[in-house]
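Each chain, written out:
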Amino acid sequence: LTAMVDLAFLLITFFMLTTTLSKPQSMDLAMPDPDEIIDEDNPPTETPAWRTLTIVLGENDKVAWYGGSLENPNPGEEPTITGYGKNGIRQVILNRSKAVQADRRKTKADESLVIIIKPSEKASFKNFVDILDEMAITQEKRYAVVDMTEQDVEMLTEKGAY
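Residues numbered from 1 in each chain as written. Predicted model: local features only at pLDDT ≥ 70, side-chain atom pairs only at ≥ 80, totals over all residues. Heavy atoms only, no water.

Some details on the sheet that holds strand β2 (residues 63-67)
Just so we agree on the cut-off: Here, a strand pair is defined by DSSP locating no fewer than two bridges between the strands. Strands here mean DSSP runs of E at least two residues long; helices mean DSSP runs of H or I at least four residues long; both are numbered from the N terminus. Orientation is described by axes fitted as lines to C-alpha atoms, over the contacting stretch for helices, and by angles from 0 to 180 degrees between their N-to-C directions.
With respect to topology, five strands assemble into an open sheet ordered β3-β2-β1-β4-β5, the strand pairing being mixed. Looking along the sheet, the strands with just one partner apiece sit at the ends: β3 (80-82) and β5 (143-145). Between one strand and the next, the sheet's axes are offset by a mean angle of 25°, whatever the strand orientation. Taken together, the three bridges between β2 and β3 define a ladder with antiparallel strand orientation.

Regarding the environment of Gly160
The test is simple: Each residue is placed in one exposure class: buried if its accessible area under a 1.4 Å probe, protein chains only, is under 20% of its type's maximum, exposed if it is over 50%, and partly exposed if it falls in between.
When you line up the elements, Gly160 lands in the segment after α4 (150-159). Assessed through its relative accessible area of 41%, Gly160 is described here as partly exposed. As a C-alpha pair, Gly160 and Ile81 span 79 residues in sequence and 9.0 Å in three-dimensional space.

Here we look at the pairing of strand β4 (residues 114-119)
Heads up, the condition is: The handedness of a crossover follows from its direction of travel: if, with the strands pointing away from the viewer, the path from the first strand over the helix to the second runs clockwise, the crossover is right-handed.
Two elements, strand β1 (residues 52-57) and β4, share six bridges in a ladder whose sense is parallel. Opposite Val56, over in β4, you have Lys118 as the bridge partner. Where β4 lies against β5, three bridges are found, and the strand directions are parallel. Along β5, the bridge assignment pairs Ile115 with Tyr143. Remark: the β4/helix α3 (residues 125-137)/β5 crossover connection has right-handed handedness.

Observations regarding unusual backbone geometry
Even without a glycine there, the phi angle at Asp61 is positive, about 60°. By the element assignment, Asp61 lies in the loop between β1 and β2. For Gln139, which is not glycine, the phi dihedral falls at a positive 60°. By secondary structure assignment, the location of Gln139 is in the loop between α3 and β5.

Re the pattern of salt bridges
The line we're drawing: The rule for a salt bridge is simple: a side-chain nitrogen of Lys or Arg has to be within 4 Å of a carboxyl oxygen of Asp or Glu.
Evaluated as defined, the whole model comprises three salt bridges. The salt bridge involving Lys118 is made with Asp152; its shortest N-O contact spans 2.7 Å. Of the two residues, Lys118 is situated in strand β4 and Asp152 in helix α4; the sequence distance between them amounts to 34 residues. Like Lys118, the residue Asp152 is buried in the burial classification.

Listed below in structure tokens is the structure:
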């Protein structure tokens, strides 16, 4: 019996030492430089409305998007509700990116799509991770996470996603 107990402890020790534990998964997230202060001497750069896409995260896995600004959306890009996945917001991002690329070829400028992500209070953490996954899948490099405005809350309430 003593030999079996010794063998059991040896096996347990062997398997504990040779087993690899799962590595923690993390997502790369670029944060702004805290030393770079925006003031009168260093104003923020303006992005043309035709290059912007705003994504507002609502409740129940709903996503609202619009091009340009909420007060003056790009033609044909008024606030619209969609979901996540390849037939949802991913398709919107890909189509919008292609349109910006086509315009860029006309102007020969080095400009790309700028995506503004606005998570609402009622959006879940899973929704935020999902939209960051969509940024990685579509390989969009220029996006920013900003706070929602009162107009965004009104728009989500009006569309039934808040």
